[in-house]
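Observations on chain architecture
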Amino acid sequence: MFELSAPLVDRREVGRGMWVLAFIAPPIAQQVKAGQFVNLGLPGTPFLRRPFSVYRVDGDRIEVVFKVVGAGTAQLYEMHMGDEVSCLGPLGHGFEIGGSGKTVAKTVALVSGGLGVAPMPLAARDARAVGLRVIWVHGARTNAEWCNEAEGDENVWATDDGSLGFHGTAVQASPEADLVLACGPNRMLAAVAERWPDAQVALETYMGCGTGVCLGCAVPLCSGGYDRACKEGPVYRAADIDWPALPSNLHYALPR
Ligand SMILES: Cc1cc2nc3c(=O)[nH]c(=O)nc-3n(C[C@H](O)[C@H](O)[C@H](O)COP(=O)(O)OP(=O)(O)OC[C@H]3O[C@@H](n4cnc5c(N)ncnc54)[C@H](O)[C@@H]3O)c2cc1C
Ligand code: FES
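Conventions used here
Residues numbered from 1 in each chain as written. Chains lettered and ligands numbered in written order. Predicted model: local features only at pLDDT ≥ 70, side-chain atom pairs only at ≥ 80, totals over all residues. Helix = DSSP H or I, 4+ residues; strand = E, 2+ residues; numbered from the N terminus. Buried ≥ 20, exposed ≤ 12 C-beta atoms within 10 Å, placed from the backbone. Contact = placed C-beta atoms within 7 Å. Pairing = 2+ DSSP bridges. Axes fitted to C-alpha atoms, helices over the stretch in contact; angles between N-to-C directions. Near = placed C-beta within 6 Å. Nonpolar A, V, L, I, M, F, W, Y, C, P; charged D, E, K, R; others polar. Domains from an automatic or database assignment. Right-handed = clockwise from strand over helix to strand, strands pointing away.

Broken down by element type, the protein chain carries five helices and 16 strands. Principal-axis analysis of the C-alpha atoms places the extent of the protein chain at approximately 45 × 40 × 35 Å. When the 256 residues of the protein chain are sorted by exposure, 46% land in the buried category. Taking all contacts inside the protein chain whose residues are at least 6 apart in sequence as the whole, residues at least 24 apart take part in 61%.

Here you go:
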C-alpha cells in the first residue's frame, strides 16, 4: 500500500456527467489489480477520504470514473490540471480471475450497472491476460445515462426503459459465462446473487479509513457476523453477503 500525492494530468467525459480523471501514481499503477480501489483525500478539506475503484491504468497513470453526487466528488470535479490528491492504495481484495478454479474458465461476463463500470476495464485487462473471452454487459437507466467506453470481445447493452439494447437489467441481459464479475447498485448485486451465487461482486458501502481500522465499512455475512469491505472485500462471492441485512437507514440498502 502506498500513500502519495498524485497530480491530475487528464480528464474526459465518458457519459452524461460521468467523468474520468487521470492521476500520476506510478507504484499504484504498477501493482493494482481489478476490483481494488484508492482512497482519495483532497488537501485543505475537512472531509474523510473517498473510495474509488481504479478504472484504468496507462503507464504511470491511474484513472478513476465518477459522477458528482456530493461534496467530495464535487471537489474532484473542480480540480485543475496539476492539482494533487492524496492517494492511498491499492486497497482491498480485488477480483480473482483465473488460475485457482477447479474448472478451466473460457469466458467471463463483466456485468455492470451505472457507475459499476468502474472496475471493469481492469477486469477485462486481467481476464484477457489469462486467455478469457470477455463479454461486457452494461446496464443503465436510459440511453442518456450511457458510459461510452466498453471493450468486451462482445458488448451487450441493457436499459431499464428500452431506449438502447435489451429492455431490462444487465443481469437479465447477460448470457451465461464460466465466470461472472459484477459491480453496480446493491439491489443489482442481490439479483446477481440469485442468478449466479458464485459470481464475484464488488460491493457498495460507506468507508472511512479504507485500511481495516475504523470498522466503518461493516458488511453482514450469511455465515454470521460482519466483514470489513475495505480489507476482506470489496469483492465477495455473491451468495456470501446477507443482502437483506444491509442496514436499512443507508441509501445502499435494498428497498424493503
Ligand atoms: C470500494 C468502493 C469503490 C468505489 N468506487 C467508486 C467509483 O469508482 N466511482 C464512483 O463514482 N463512486 C465510487 N464509490 C462510491 C464513492 O466513494 C462515493 O460516491 C463517494 O464517496 C461520495 O462522496 P461525496 O462526498 O461526493 O458524497 P457524499 O456527500 O458523501 O454522499 C453523497 C451520496 O453518495 C452516497 N455515498 C457516500 N459515500 C458512499 C460510498 N462509499 N459508497 C456508496 N455511496 C456513497 C451518500 O449516501 C449520498 O447518497 C466507491 C465506493 C466504494 C466503497
Ligand atoms: S473503512 Fe475503515 S475499516 Fe473499512
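Below, the discussion takes up the sheet that holds strand 12 (residues 179-183). One open sheet holds the seven strands; their spatial order is 11-10-9-8-12-13-16, and the pairing between them is mixed. Whereas interior strands pair on both sides, the edge strands pair on one side only; in this sheet they are strand 11 (166-167) and strand 16 (235-237). Sheet topology places strand 13 (residues 200-202) next to strand 16; three bridges connect them, and they run antiparallel. Across the sheet, residue Ala202 finds its bridge partner in strand 16, namely Val235. Sheet contacts for helix 5 (residues 186-195): strand 8 (107-113), strand 12 and strand 13; angle to strand 12, the most-contacted strand, approximately 165°.

Let us now look at the site of ligand 1. For ligand 1, the set of nearby residues contains 23 residues, the closest of which are Phe66, Gly70, Gly72, Thr73 and Ala118. Of all the secondary structure elements, the ones that give two or more residues to the shell around ligand 1 are strand 4 (50-53), strand 6 (61-66) and helix 2 (71-77). Element by element, the count of residues in the shell around ligand 1 is highest for strand 4, at four residues. Partitioning the shell around ligand 1 into residue classes produces 14 nonpolar, six polar and three charged.

Strands sit in the order 4-3-7-1-2-6-5 across an open sheet of seven strands; the sheet is antiparallel. Of all strands in the sheet, those with a lone pairing partner are strand 4 and strand 5 (56-58), marking the two edges. Going across the sheet, the axis of each strand differs from the next one's by a mean of 40°, ignoring polarity. In this sheet, strand 4 lies alongside strand 3 (residues 37-41) in antiparallel orientation, the contact comprising four bridges. In the sheet register, Phe37 faces strand 4, and the bridge partner there is Ser53.

Glancing now at the pairing of strand 2 (residues 18-24). Summarising burial for strand 2: five of the seven residues are buried, a large majority. Pairing between strand 1 (residues 2-15) and strand 2: six bridges, direction antiparallel. Along strand 2, the bridge assignment pairs Arg11 with Leu21. What sits between the antiparallel neighbours strand 1 and strand 2 is a turn of two residues, in which Gly17 has the positive phi angle 70°.

Another aspect to go through is unusual backbone geometry. Pro90 follows Gly89 through a cis peptide bond whose omega is -5°. By the secondary structure assignment, Pro90 is in strand 7 (residues 84-91). In this chain, Gly233 is followed by Pro234 through a cis amide linkage whose omega measures 10°. One non-glycine residue, Leu215, lies in the positive phi region at around 65°. For Leu215, the location among the structural elements is in the loop between strand 13 and strand 14 (218-220). Residue Leu215 is classed as exposed on the basis of its 12 C-beta neighbours within 10 Å.

As a further point, take the domain arrangement of the protein chain. Here the domain parsing of the protein chain yields domain 1 (2-91) and domain 2 (107-245). Its C-alpha centre places domain 1 at a distance of 20 Å from the equivalent point of domain 2. Taken residue by residue, the interface counts 22 residues in domain 1 and 22 residues in domain 2. Mapped onto the side of domain 1 that touches domain 2, the elements with two or more residues apiece are strand 1, strand 3, strand 4, strand 5, strand 6 and strand 7. Each residue belonging to the side of domain 1 that touches domain 2 can be placed in one class, and the counts come to 13 nonpolar, four polar and five charged.

We now examine the environment of Gly94. Inspection of the secondary structure assignment puts Gly94 in the loop between strand 7 and strand 8. Placed 107 residues apart in sequence, Gly94 and Val201 show a C-alpha to C-alpha distance of 9.6 Å.

Okay, the pairing of strand 8 next. Buried residues dominate strand 8, accounting for six of its seven residues. The pairing of strand 8 with strand 9 (residues 133-140) spans seven bridges and is classified as parallel. When the bridges of strand 9 are listed, Gly113 appears paired with Gly139. With respect to chirality, the unit in which strand 8 leads through helix 3 (residues 120-129) into the neighbouring parallel strand 9 is right-handed. Across five bridges, the pairing between strand 8 and strand 12 is parallel. Residue Val111 lies in a different strand from strand 12, and its bridge partner there is Ala182.

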